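Residues per chain are reported as follows:
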Amino acid sequence: MPSSEHSARLVNFSSSCLHLVLSLGADVLPEYKLQAPRIHRWTILHYSPFKAVWDWLILLLVIYTAVFTPYSAAFLLNEEQDEKHLDCSYSCDPLNIIDLIVDIMFIVDIIINFRTTYVNINDEVVSHPAKIAIHYFKGWFLIDMVAAIPFDLLIFRSGSDETTTLIGLLKTARLLRLVRVARKLDRYSEYGAAVLFLLMCTFALIAHWLACIWYAIGNVERPYMEHKIGWLDNLGDQIGKRYNDSDLSSGPSIKDKYVTALYFTFSSLTSVGFGNVSPNTNSEKIFSICVMLIGCLMLTKSEVKQIRVQLTDWFKVENQV
C-alpha cells in the first residue's frame, strides 16, 4: 500500500514538472489552476500537459512554415521544372507531402481550439462548448482558417508561375500564429541568455525572409534587362557559371544563389557591407536602402531591450540590499 501511494505521488510530481517545463505560460500558477473545474466531455483544459505539448508542436510547425514557405515561393516555384517532374504526381515532391501534413495539423489545431477552455475577465475557466466556440470565432479563428487552407493542392498544375508564387506567398498567413506565441514568451524576458537567443533567432529569420525577397527581385528583373547588370549575372560571372538564355539550366545553382543572397542581407543588416555583392539596378538599390533601415531599427531595438534587462537586474539587486 505505501508503495502504491509513493508511486502515485511520484507520477503526480513528474506530471507537474513536465507541465512546468513545457508550459508557455507563467511560472506561478493562478488560482483557477489549483482547483478542479467541471468540464464537458471531450473538452481540453487550456493549461493541461497535453495542450502544452500540442502548443509546442504547433510552434515548431509555424517555425518550419516561416523558414520554408518564403524559400519555396522565391527559389523553388520559379525554377524551371524538367519534363520528368511535370509528368510526376503531387506526391513526388517530399516538400508537398510535408506541407500537406502541416495543413492537416493546422486543421486539427482548429478542432482542438474549439474544444479548449479559456479564462474570462473574471478569472473563471469557461468550459461550455458554445461559449468556447463563440470566443474562438471572435478571436483567432479567421487567421487559423486561412493558415490551414491547403494552397498547394488548390494550385497544383493550374495557373501561371506568377499566380503560383502569389498564392504560395499567401501561406505566410501562418506566420501570424507567431503573435500568439510571442505573448507567451514574455516569461523568458527576465533571462539575459534567453533574450539574446530569441534576438538572434529573430535576426536570422528576418535575414532569411529578406534574402528570399532579394533573390525574387533579381530573378524577376533579369529577363527584362537589356544589359545584364543585376546581381545574379554578376554572381554568375564571379563563380564561372554564366547565364545562357538558350539554356534554361545555366547559371548559378540554387545553393549558390541562396547563400549569396543570405550573405548580402546579413552584411547589410549589420552595416558591414563588404561590397562583393552589391545592388546595381534601381530596384535592387531601393531594396538595399530598406534593408539598411531595418537593420538600424533592429540594432536600436535590441540595444534598448538589453538596457531594460540590465536596469531590471540592477533594481532587483538594489531592492535585495
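Residues numbered from 1 in each chain as written. Predicted model: local features only at pLDDT ≥ 70, side-chain atom pairs only at ≥ 80, totals over all residues. Heavy atoms only, no water.

Observations concerning the overall build of the protein chain
Under the convention used in this document: The way it works is that DSSP assigns letters per residue, a run of H or I at least four long becomes a helix, a run of E at least two long becomes a strand, and they are numbered from the N terminus. Summary of the burial criterion: residues with accessible area below 20% of their type's maximum are buried, those above 50% are exposed, and those between are partly exposed, where the area comes from a 1.4 Å probe applied to protein chains only. Throughout, a contact is declared for two residues whenever any of their heavy atoms are within 4.5 Å. Here the open area of atoms and residues is found with the Shrake-Rupley method and a 1.4 Å probe, where only the protein chains shown may cover a residue.
The number of helices and strands found in the protein chain is 13 helices and two strands. Here the protein chain holds 321 residues, and the buried ones make up 32% of them. Sequence separation of at least 24 residues holds for 70% of the intrachain contacts in the protein chain that already meet a minimum separation of 6. A total of about 20200 Å² of accessible surface is found on the protein chain, and carbon and sulfur atoms cover 65% of it.

Some thoughts on the pattern of salt bridges
Note the cut-off: Whenever Lys or Arg places a side-chain nitrogen within 4 Å of a carboxyl oxygen from Asp or Glu, that contact is recorded as a salt bridge.
Summed over the entire model, instances satisfying the criterion amount to four salt bridges. A salt bridge links Asp55 to Lys51; the shortest N-O distance between them is 2.8 Å. Here Lys51 and Asp55 lie together in helix α2 (residues 49-76), a separation of four residues that amounts to about one turn. For the pair Asp55 and Lys51, one class covers both residues: buried. In this structure, Arg242 and Asp237 form a salt bridge, with 3.2 Å as the shortest nitrogen-oxygen distance.

Comments concerning the packing of α2 against helix α4 (residues 94-113)
We apply this condition: Only the stretch in contact is used when a helix axis is fitted, and all axes are lines through C-alpha atoms; the angle between N-to-C directions ranges over 0 to 180 degrees. Oblique is the label for any angle not under 35 degrees, not over 145, and not in the 65 to 115 range, which are roughly parallel, roughly antiparallel and roughly perpendicular in turn. Note: crossing handedness is left-handed where the near helix turns anticlockwise from the far helix by less than a right angle, and right-handed where it turns clockwise.
Between α2 and α4, the least distance of the axes is 10 Å, while the angle of their chain directions is 140°. Viewed along their axes, α2 and α4 adopt a mutual orientation that is oblique. Here α2 and α4 pass one another in a crossing that is left-handed. Between α2 and α4, the residues in contact are Phe50, Lys51, Trp54, Leu57, Ile58, Leu61, Val62, Tyr64, Thr65 and Leu76 and Leu95, Ile98, Asp99, Val102, Met105, Phe106, Val108, Asp109, Ile112 and Asn113, respectively.

Looking at helix α6 (residues 141-148)
Rule in force here: For this quantity, the arc is that covered by the directions from the helix axis to the C-beta atoms.
Along α6, the positions that sit buried rather than exposed are Phe141, Asp144, Ala147 and Ala148. All buried residues of α6 lie within an arc of 130° about the axis, which places them on one face of the element.

Some remarks on a nonpolar patch on the surface
For the record, the criterion: A patch is a set of surface residues, each over 30% in relative accessible area and not in a salt bridge, joined within 9 Å for like charges and within 5 Å for the nonpolar side chains Val, Leu, Ile, Met, Phe, Trp and Tyr.
Side chains of Tyr263, Val272 and Phe274 sit close together on the surface and give an oily, nonpolar patch of about 310 Å² of accessible area. Take Val272: it is sitting in the loop between α12 (254-269) and α13 (282-320).

What about the nonpolar core?
Rules: Side-chain atoms within 4.5 Å are what join buried Ala, Val, Leu, Ile, Met, Phe, Trp, Tyr and Cys residues into a set we call a nonpolar core.
Core analysis: the largest hydrophobic core is formed by 22 residues, its most contacted members being Phe75, Trp214, Tyr215, Trp231, Leu269 and Phe287. Broken down by element, the residue count for this core peaks at eight residues, all from helix α10 (residues 192-221). Ranked by size, the runner-up nonpolar core spans 13 residues in total, among them Ile44, Trp54, Val62 and Ile112.

A few points about the packing of helix α11 (residues 231-239) against α12
Short version of the rule: Following the grouping adopted for this structure description, the nonpolar residues are Ala, Val, Leu, Ile, Met, Phe, Trp, Tyr, Cys and Pro, the charged ones are Asp, Glu, Lys and Arg, and the polar ones are all others, Gly among them.
Close contact between α11 and α12 brings their axes to 11 Å; oriented N to C, the two are set at 115°. In terms of their interaxial angle, α11 and α12 are classed as roughly perpendicular. You can see that α11 and α12 cross each other, and the crossing is right-handed. Here Trp231, Leu232, Leu235 and Ile239 of α11 lie close against α12, whose contacting residues are Asp256, Lys257, Thr260 and Ala261. For the contact of α11 with α12, the class distribution of residues is five nonpolar, one polar and two charged.

Things to note about the packing of aromatic side chains
Cut-off, in case you're wondering: Each Phe, Tyr or Trp ring (for Trp, its six-membered ring) is paired with any other whose centre lies within 6.5 Å, and the angle between the two planes then decides the class: stacked below 30 degrees, edge-to-face above 60, tilted in between. Note on geometry: a ring has a charge over it if NZ (lysine) or CZ (arginine) is within 6 Å of the ring centre and within 35 degrees of the ring normal.
Counting across every chain of the model gives 15 aromatic pairs. Judged by centre distance (5.9 Å) and plane angle (25°), the ring pair of Trp214 and Phe287 falls under stacked. Here Phe287 lies in helix α13 and Trp214 lies in helix α10, a separation of 73 residues in the sequence. Ring pairing ties together the aromatic residues Tyr71, Phe75, Tyr215 and Tyr258, which thus form one cluster. The ring of Tyr243 is capped by Arg222, whose NZ or CZ atom sits 3.8 Å from the centre of that ring.

Structural notes on α2
Inclusion rule: Each helix should span, by expectation, one fewer than its residue count multiplied by 1.5 Å. The angle between axes fitted to the seven residues ending at a residue and the seven residues starting there is what we call the bend at that residue.
With 28 residues, α2 extends 38 Å between its outermost C-alpha atoms, agreeing within 8% with the 40 Å of an ideal straight helix rising 1.5 Å per residue. Helix geometry: α2 is bent most strongly at Phe68, by close to 25°, with proline Pro70 lying one to four residues after it.

Re the environment of Phe75
Relative to the elements of secondary structure, Phe75 occurs in helix α2. As a C-alpha pair, Phe75 and Lys257 span 182 residues in sequence and 8.8 Å in three-dimensional space. Those residues in contact with Phe75 that sit more than four places away from it in its chain are Ala211, Cys212, Tyr215, Ile254, Lys257 and Tyr258.

Considerations on the confidence of the model for the protein chain
Regions with low pLDDT carry predicted coordinates that are not meant to be interpreted in detail. Note the following rule: What pLDDT reports is the predictor's confidence in each residue, on a scale of 0 through 100.
With 65% of its residues at a pLDDT of 70 or more, the protein chain has an overall mean of 75. Element-level mean pLDDT values for the protein chain span from 43 in helix α3 (residues 83-86) up to 92 in α12. Residue range residues 25-29 is modelled with pLDDT below 50. Its contacts to residues more than four positions away, or to other chains, number six contacts. Scored below 50 in pLDDT, residues 80-87 makes five contacts in the model with residues more than four places away or belonging to other chains.

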